[in-house]
Amino acid sequence: MQAPSVRATAWLLVALAAASGCVDVICLTRLDGYFASVITGNLVHFGHAFATADVRSLVGAVVAVGGYAVGVAAATLPLRHTLPGWNRRTAVVTAAEAVLLLGFTVGWMACSARPGYGFGLVLLGTAAVASGIQSVITVGAGVRGASTTYLTGSLTELVRRRVVDPHRFADLGGVGRLAGLVGGAVLGTVVLRTAPGWASVPAAVLVLAVIAVAVGLTRRRAVTAADQGRRR
């Protein structure tokens, strides 16, 4: 299976970053201030809840961090022996993330975007598992140092490179993912305010679009490679 080019993959990762921003803004504003993917923030919540004996908040932190860990483990198992880049297993794992986001969307709509504490934990856990899966997909995408769920490292590297070599062009992929995350957060916020029940739909659509485009690119490259082989 011919993987998409690095440039094409970089653009697909921008779309995944946008999906992450969309989901995280919902979790942050409507699910007790937790993130689906920013584990640093969730661990700070955990420490604060532990120190103040806030059991409800403590449970939320455990669900957010634990769900993310489950997603990482679940995605790593089928991809641990595959080469970097897009392949059939990557497509299947990405489809699993899409299913989770669709499930999140159905649940979000079912509660009219107003989940109670218990159901909110279910939604938070679902989003966290999806984010963990996406992180593994990104790591295995073949783009060195890329991330679509936690962008602290990306920003650090961009600034560090600029300081070390001011004349060097910026990492456009890293800039794109940062912009994608912000754009996804903006989009999620706008939909959350205008049509709350549909707030998570853009994230699911983005992930499904990534699957469709990636599969299309791999097939096109496979056909091109086959044609070149016949000509030889």
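Residues numbered from 1 in each chain as written. Predicted model: local features only at pLDDT ≥ 70, side-chain atom pairs only at ≥ 80, totals over all residues. Heavy atoms only, no water.

1. Quick word on the overall build of the protein chain
Thinking step 1. Within the protein chain one finds eight helices and zero strands.
Thinking step 2. Along the protein chain, from the amino end to the carboxyl end, the secondary structure elements read α-α-α-α-α-α-α-α.
Thinking step 3. Its C-alpha atoms give the protein chain a radius of gyration of 19 Å, near enough to 17 Å, the size a compact globule of 232 residues would have.
Thinking step 4. Across its three principal directions, the C-alpha atoms of the protein chain cover 70 × 45 × 35 Å.
Thinking step 5. Taking all 232 residues of the protein chain together, the buried fraction comes to 44%.
Thinking step 6. A separation threshold of at least 6 residues defines the contact pool for the protein chain, and within that pool the share at least 24 residues apart is 73%.
Thinking step 7. As displayed, the protein chain has an accessible area near 12,200 Å², and 67% of this comes from carbon and sulfur atoms.
Thinking step 8. The distance from the centre of the 20 positive side-chain charges to the centre of the 8 negative ones in the protein chain is 10 Å. (Helix = DSSP H or I, 4+ residues; strand = E, 2+ residues; numbered from the N terminus. Rg over C-alpha atoms; globule rule 2.2 N^0.38 Å. Buried < 20%, exposed > 50% of the residue type's maximum accessible area, 1.4 Å probe, protein only. Contact = heavy atoms within 4.5 Å. Areas by Shrake-Rupley, 256 points an atom, 1.4 Å probe, with all protein chains shown as cover. Lys, Arg positive; Asp, Glu negative; His and termini not counted. Charge placed at Lys NZ, Arg CZ, Asp CG, Glu CD.)

2. Some remarks on the pattern of salt bridges
Thinking step 1. Inspection of every chain in the model, using the stated rule, returns one salt bridge.
Thinking step 2. For Arg 160, the salt bridge goes to Glu 157, with nearest N and O atoms at 2.8 Å. Here Arg 160 pairs with Glu 157, and both are found in helix H6 (residues 152–164), just three residues apart, close to one helical turn.
Thinking step 3. By relative accessible area, Arg 160 is classed as partly exposed at 45%.
Thinking step 4. Exposure remark for Glu 157: the relative accessible area of 27% places this residue in the partly exposed category. (Salt bridge = Lys/Arg side-chain N within 4 Å of Asp/Glu carboxyl O.)

3. Observations regarding the UniProt feature "transmembrane region" (unreviewed entry) in the protein chain
Thinking step 1. Feature annotation in UniProt places "transmembrane region" (unreviewed entry) on residues 58–79, 91–110, 116–137, 169–192 and 198–217, given in this structure's numbering.
Thinking step 2. Within the segment residues 58–79, helix and strand shares are 100% and 0% respectively, and the terminal C-alpha atoms sit 32 Å apart.
Thinking step 3. Helix and strand shares over residues 198–217 are 85% and 0% respectively, and the end C-alpha atoms of the span are 29 Å apart. (UniProt positions renumbered as here; feature names shortened; annotations may be inferred.)

4. What about helix H3 (residues 55–79)?
Thinking step 1. When the terminal C-alpha atoms of H3 are compared, their 36 Å separation across 25 residues agrees well with the 36 Å that a helix rising 1.5 Å per residue should span.
Thinking step 2. Each element contacted by the buried residues of H3 is listed here: helix H2 (39–52), helix H4 (88–110) and helix H5 (117–139). (Expected span 1.5 Å × (residues − 1).)

5. Remarks on the packing of aromatic side chains
The description of an aromatic ring pair uses the distance of the two centres, along with the angle that the planes make with each other.
Thinking step 1. Under the criterion given, the structure shown has two aromatic pairs.
Thinking step 2. Look at Phe 46 and Phe 50: their rings are 6.5 Å apart centre to centre, the planes differ by 15 degrees, and that puts the pair in the stacked class. Remark: Phe 50 and Phe 46 occur in helix H2; sequence separation between them is four residues, near one turn of the helix.
Thinking step 3. Measuring from ring centre to ring centre gives 6.0 Å for Phe 104 and Trp 108, while their planes differ by 10 degrees; the resulting arrangement is stacked. Of this pair, Phe 104 and Trp 108 both sit in helix H4, four residues apart, which is roughly one turn of the helix.
Thinking step 4. Residue class for Phe 104 comes out buried when judged on its relative accessible area of 1%.
Thinking step 5. Lying across the ring of Tyr 117, Arg 56 places its NZ or CZ 3.9 Å from the centre. (Phe/Tyr/Trp six-rings, centres within 6.5 Å; stacked < 30°, edge-to-face > 60°. Lys NZ or Arg CZ within 6 Å of the ring centre and 35° of its normal.)

6. Considering the environment of Asn 42
Thinking step 1. Among the structural elements, Asn 42 can be located in helix H2.
Thinking step 2. With relative accessibility at 0%, the residue Asn 42 sits in the buried group.
Thinking step 3. Separated by 16 residues in sequence, Asn 42 and Leu 58 have C-alpha atoms that sit 9.8 Å apart.
Thinking step 4. For Asn 42, the contacting residues outside a window of four places in its chain are Tyr 34, Phe 35, Ala 61, Ala 64 and Val 65.

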